[in-house]
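# Summary of structural features
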Amino acid sequence: MKRLEGKTALVTAAGQGIGRASALRMAEEGARVIATDINPETLKEIEGTPGIETRVFNVLDKEAIDAIARDLGAIDILFNCAGIVHAGTIEQATEDEWDFAFDLNVKAQFRIIRAFLPAMIENGGGSIINMSSVAGPITGPVNRCIYSASKAAVTGLTRSVAADYVTKGIRCNAICPGTVDSPSLHQRLRDTGDYDGALKQFIARQPMGRVGRPEEVAALVAYLASDDSAFTTGTEQVIDGGWTT
């Protein structure tokens, strides 16, 4: 028997990168996966995959959150993967960027957890996995003021949910990746105006001499989603290739 067989999982930002890899991995392990993304074009690339159902979903839309929670009812696994990276110092940051980052990186997770939590509790529990980062909770990389602040908030949210609902069968953990190969990373590298130079800098800070792969993070997601991690809650799971060691 596959370790996620009989479980239902919701994944946000499943159209690419870590979200897509995680949706595919959990489906391989037997879960029914509702893979969501704001971009219908990226979702088309995983349509028809056994175990995966795709839905267009905007995590910033409170009404859409409430609607999908009513429609799906009790789920066993919630992976809040959607997020954004802003570059810059506090002097370079704008209030609009700050508000958008906290809306997407933090408030969306808050709203989605709150929408799905009652049914999860009534169903006997479940695993909530929040995407954080080593930036903020673990270390303070340069030029990542807004991003680091928002990701530190994610770990605070995670610990709070874990503590408040541990006796109700709910586990809540945060994943804190380092630099991971993704379309988002490559866009940020292009935005610097020196793609090759920026890539070399990212790799230079990695003791392993490479950035992470989405599939490596997906393996951690599948573990936290499964009963193999039944005694694990309220944690920051660092997966950064030794960057912050």
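One can find the structure itself at the top, above this paragraph.
Thresholds, definitions, all that
- Residues numbered from 1 in each chain as written.
- Predicted model: local features only at pLDDT ≥ 70, side-chain atom pairs only at ≥ 80, totals over all residues.
- Heavy atoms only, no water.
- Buried < 20%, exposed > 50% of the residue type's maximum accessible area, 1.4 Å probe, protein only.
- Helix = DSSP H or I, 4+ residues; strand = E, 2+ residues; numbered from the N terminus.
- Pairing = 2+ DSSP bridges.
- Right-handed = clockwise from strand over helix to strand, strands pointing away.
- Expected span 1.5 Å × (residues − 1).
- Contact = heavy atoms within 4.5 Å.
- Core = buried A, V, L, I, M, F, W, Y, C linked by side-chain atoms within 4.5 Å.
- Axes fitted to C-alpha atoms, helices over the stretch in contact; angles between N-to-C directions.
- Phe/Tyr/Trp six-rings, centres within 6.5 Å; stacked < 30°, edge-to-face > 60°.
- Lys NZ or Arg CZ within 6 Å of the ring centre and 35° of its normal.

## Concerning the pairing of strand 5 (residues 126–131)
- Along strand 5, six of the six residues are buried, which leaves the element largely enclosed by surrounding structure.
- Neither face of strand 5 is open: one carries Gly126, Ile128 and Asn130, the other Ser127, Ile129 and Met131, and all of them are buried.
- Inspection of the sheet shows strand 4 (residues 77–80) paired to strand 5 by four bridges, in the parallel sense. Looking across to strand 5, one finds that Phe79 is bridged to Ile129.
- Running through helix 4 (residues 95–122), the crossover from strand 4 to the neighbouring parallel element strand 5 is right-handed.
- By the bridge criterion, six bridges tie strand 5 to strand 6 (residues 170–177) in an arrangement that is parallel.

## Here's the deal with helix 8 (residues 214–225)
- A rise of 1.5 Å per residue sets the reference length of helix 8, with its 12 residues, at 16 Å; its end C-alpha atoms lie 16 Å apart and thus fit the reference within 8%.
- For helix 8, the full list of buried residues reads Pro214, Val217, Ala218, Leu220, Val221, Ala222, Leu224 and Ala225.
- Tucked into the core, helix 8 has its buried residues touching helix 1 (17–28), strand 4, strand 5, strand 6 and strand 7 (236–239).

## A look at helix 1
- Taking 1.5 Å per residue, 12 residues should reach 16 Å; helix 1 reaches 17 Å between its end C-alpha atoms and fits that length.
- Turning to helix 1, its buried residues are Gly17, Ile18, Gly19, Ala21, Ser22, Ala23, Met26 and Ala27.
- Looking one or two residues past helix 1, Gly30 carries a phi angle of roughly 105 degrees, positive in sign.

## Re the environment of Asn143
- Structurally, Asn143 is set in the loop between strand 5 and helix 5 (145–165).
- When its relative accessible area of 39% is taken as the criterion, Asn143 is described as partly exposed.
- Sequence separation of Asn143 and Cys176 is 33 residues, and the distance between their C-alpha atoms is 18 Å.
- In this view, Asn143 contacts His86, Ala87, Gly88, Thr89 and Gln92; residues no more than four positions away in its chain are not counted.

## Description of the nonpolar core
- In this structure, Met26, Val33, Phe79 and Ile129 are the most contacted members of the largest nonpolar core, which totals 26 residues.
- For this core, the secondary structure elements donating two or more residues are strand 1 (8–11), helix 1, strand 2 (32–37), strand 4, strand 5 and helix 8.
- Among the elements that make up this core, the one with the highest residue count is helix 8 (five residues).
- Residues contacting Met26, with those up to four places away along its chain left out, are Leu4, Ala9, Val11, Ala31, Val33, Ile77, Val221, Ala222 and Ala225.
- In this structure, Ile34, Ala69, Ile112 and Val161 belong to the second largest nonpolar core, which totals 24 residues.

## Some thoughts on the sheet that holds strand 4
- Overall, parallel pairing links the seven strands, which are arranged 3-2-1-4-5-6-7 in an open sheet. Edge positions in the sheet fall to strand 3 (52–56) and strand 7, since each has one partner strand and no second. Each strand axis lies, on average, 20 degrees off the axis of its neighbour in the sheet, ignoring direction.

## As for the packing of aromatic side chains
- Within the structure shown, the criterion is met by one aromatic pair.
- Measuring from centroid to centroid gives 4.6 Å for Trp98 and Phe102, while their planes differ by 25 degrees, and the two rings are stacked. Within this pair, Trp98 and its partner Phe102 are both found in helix 4, separated by four residues, close to a single helical turn.
- What makes Trp98 partly exposed here is its relative accessible area of 36%.
- If you follow Arg205 out to its NZ or CZ, it ends over the ring of Trp243, 3.9 Å from the centre.

## Here's the deal with the side chain of Lys7
- Here Lys7 shows up in the segment before strand 1.
- Leave out the neighbours within four places in its chain, and Lys7 touches Ala31, Arg32, Asp76, Ile77, Ala225 and Asp227.

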